Amino acid sequence: MENMVKIYIYGKEYSVPANLTIMTAMEYAGYTLVRGCGCRNGFCGACATIYRIKGQKDLKTCLACQTQVEDGMYIATLPFFPLVKQPYDIEKISTNQMIMMQLYPEIYACVGCNACTKSCTQELNVMQYIAYAQRGDFENCAEESFDCVMCGVCSSRCPAGISHPQVAMLARRINGKYIAPDCEHLENRVKEIHDGNFEEFMKELMSLPVEEMKERYNNREFEK
């Protein structure tokens with residue numbers, strides 16, 4: 001008999017195996033996940049989840065595909081949060097502090113509560129990268145926010161209504177296009193792809209059995 005735990009999904013009680021993630025526990029309980037699931041490996045941010053353990057006051061956040069169920073866990077998923085995404089043309093955009101003032105002025109209403117950092121499913125220092133964005137320090141903002149999966153949980157807890165992931169995305173785009181040094185070997189590889197240098201190789205690769213593809217991937221050479 002498997003070790004079972006009692007959890008609550010949208011207020012309804014279920015008994016599920018203790019070794020499951022929240023996502024697989026929901027499927028075990030009979031839910032068909034149409035939204036709120038994606039890569040299932042912690043990269044896409046689609047399965048943002050809020051939960052509380054029975055008898056505890058803290059409201060916790062996580063990705064459902066990465067978090068194991070606990071006994072007495074009350075679960076509610078957050079498959080979508082309405083972030084503000086301002087339109088801009090990256091080819092014409094300014095690269096100083098004024099662009100943040102124009103597109104995302106709400107970042108200057110930050111009260112320093114740190115709720116964004118405390119709720120981040122990736123354990124990023126969200127308040128810090130917003131501080132970098134306020135100062136127009138796009139390079140450090142990009143570095144600090146690099147692992148953001150844009151799940152939106154930080155914004156859902158923000159009293160100032162900041163769309164942190166979109167602010168960070170803008171900073172990373174500005175950094176990548178205007179600040180970071182050119183990467184010659186990457187530019188050469190992109191040109192090779194555009195020139196069709198790998199088309200025959202890709203056709204050959206796609207014709208291989210899955211197991212052989214896995215074997216090639218696991219034993220591939222790494223560039224130094």
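Residues numbered from 1 in each chain as written. Predicted model: local features only at pLDDT ≥ 70, side-chain atom pairs only at ≥ 80, totals over all residues. Heavy atoms only, no water.

## Some remarks on the state of the cysteines
What counts here: A pair of sulfur atoms, both from cysteines and within 2.5 Å, is called a disulfide here.
Per the stated rule, a full pass over the model turns up 0 disulfides. You can see C44 has no disulfide; the closest cysteine sulfur is in C39, sitting 3.7 Å from it.

## A short note on the sheet that holds strand 2 (residues 12–17)
Applicable threshold: One requirement defines pairing of two strands: DSSP has to find at least two bridges between them. In this description a helix means any DSSP run of H or I spanning at least four residues, a strand means any run of E spanning at least two, and both kinds are numbered starting from the N terminus. The axes used here are C-alpha line fits, helices contributing only the stretch in contact, and every angle between their N-to-C directions lies in the interval 0 to 180 degrees.
Read from one edge of the open sheet, 5 strands run 2-1-5-3-4, paired in mixed fashion. Two strands bound the open sheet, and with one partner strand each, they are strand 2 and strand 4 (60–63). Neighbouring strand axes in the sheet, compared pairwise and without regard to direction, differ in orientation by 35° on average. The pairing of strand 3 (residues 48–53) with strand 5 (residues 73–77) spans 5 bridges and is antiparallel.

## So, the environment of Y28
The line we're drawing: The rule is simple: take the accessible area with a 1.4 Å probe, protein chains only, and divide by the maximum for that residue type; under 20% is buried, over 50% is exposed, in between is partly exposed. Contacts are residue-level and defined by heavy atoms, with any inter-residue pair within 4.5 Å sufficient.
Relative to the assigned elements, Y28 resides in helix 1 (residues 22–28). Assessed through its relative accessible area of 45%, Y28 is described here as partly exposed. A sequence separation of 13 residues divides Y28 from S15, and the C-alpha atoms of the two residues are 9.4 Å apart. Every residue in contact with Y28, bar those within four places of it in the chain, is listed here: M4, S15, V16, P17 and L20.

## Some thoughts on the packing of helix 4 (residues 126–134) against helix 7 (residues 164–179)
Each pair of packed helices can be summarised by the angle the axes make with each other and by the distance between the axes. Here is the rule: Our angle categories are set so that under 35 degrees counts as roughly parallel, over 145 as roughly antiparallel, 65 to 115 as roughly perpendicular, and the remainder as oblique. For any pair of crossing helices, the crossing counts as left-handed if the nearer helix is rotated counterclockwise from the farther one by less than a right angle, and right-handed if it is rotated clockwise. Only Asp, Glu, Lys and Arg are considered charged in this grouping, and only Ala, Val, Leu, Ile, Met, Phe, Trp, Tyr, Cys and Pro are considered nonpolar; every other residue, Gly among them, is considered polar.
Between helix 4 and helix 7, the shortest axis-to-axis distance is 10 Å and the interhelical angle comes to 50°. Judged by the inter-axis angle, helix 4 sits oblique to helix 7. Viewed along their axes, helix 4 and helix 7 form a crossing whose handedness is left-handed. The segment helix 4 lies against helix 7, with V126, Y129, I130 and A133 engaging H164, P165, V167 and A168. Residue classes in the contact of helix 4 with helix 7 are distributed as 7 nonpolar, 1 polar and no charged.

## Focus: the pairing of strand 4
Of the pairings in the sheet, the one linking strand 3 to strand 4 comprises 4 bridges and is antiparallel in character. Bridging across to strand 4, Y51 finds its partner in K60.

## A look at the environment of E139
Inspection of the secondary structure assignment puts E139 in helix 5 (residues 138–144). Residues E139 and C116 lie 23 residues apart in sequence; the distance between their C-alpha atoms is 20 Å. Setting aside chain neighbours within four positions, we find E139 in contact with N175 and I179.

## Some words on the side chain of E106
Put simply, the test is: Here the positive residues are Lys and Arg and the negative ones are Asp and Glu; neither His nor the chain ends is included. Basic side-chain nitrogens of Lys or Arg form a salt bridge, by our definition, when they fall within 4 Å of a carboxyl oxygen of Asp or Glu.
When you line up the elements, E106 lands in the loop between helix 2 (98–103) and helix 3 (115–119). Lacking a salt bridge, the buried E106 has K85 as its closest oppositely charged neighbour, with an N-O distance of 14 Å. Once residues within four sequence positions are removed from consideration, E106 is found in contact with A160, G161, I162 and S163.

## Some thoughts on helix 7
Using the following cut-off: Any helix carries an expected span of 1.5 Å times its number of residues minus one.
Between its first and last C-alpha atoms helix 7 spans 21 Å; for 16 residues at 1.5 Å apiece the expected length is 22 Å, and the two agree. Residues H164, P165, Q166, V167, A168, M169, L170, A171, R172, I174 and N175 constitute the buried set of helix 7. Looking at the buried residues of helix 7, the elements they touch are helix 2, helix 3, helix 4, helix 5 and helix 6 (153–156).

Purely spatial values, then, with no claim about function.
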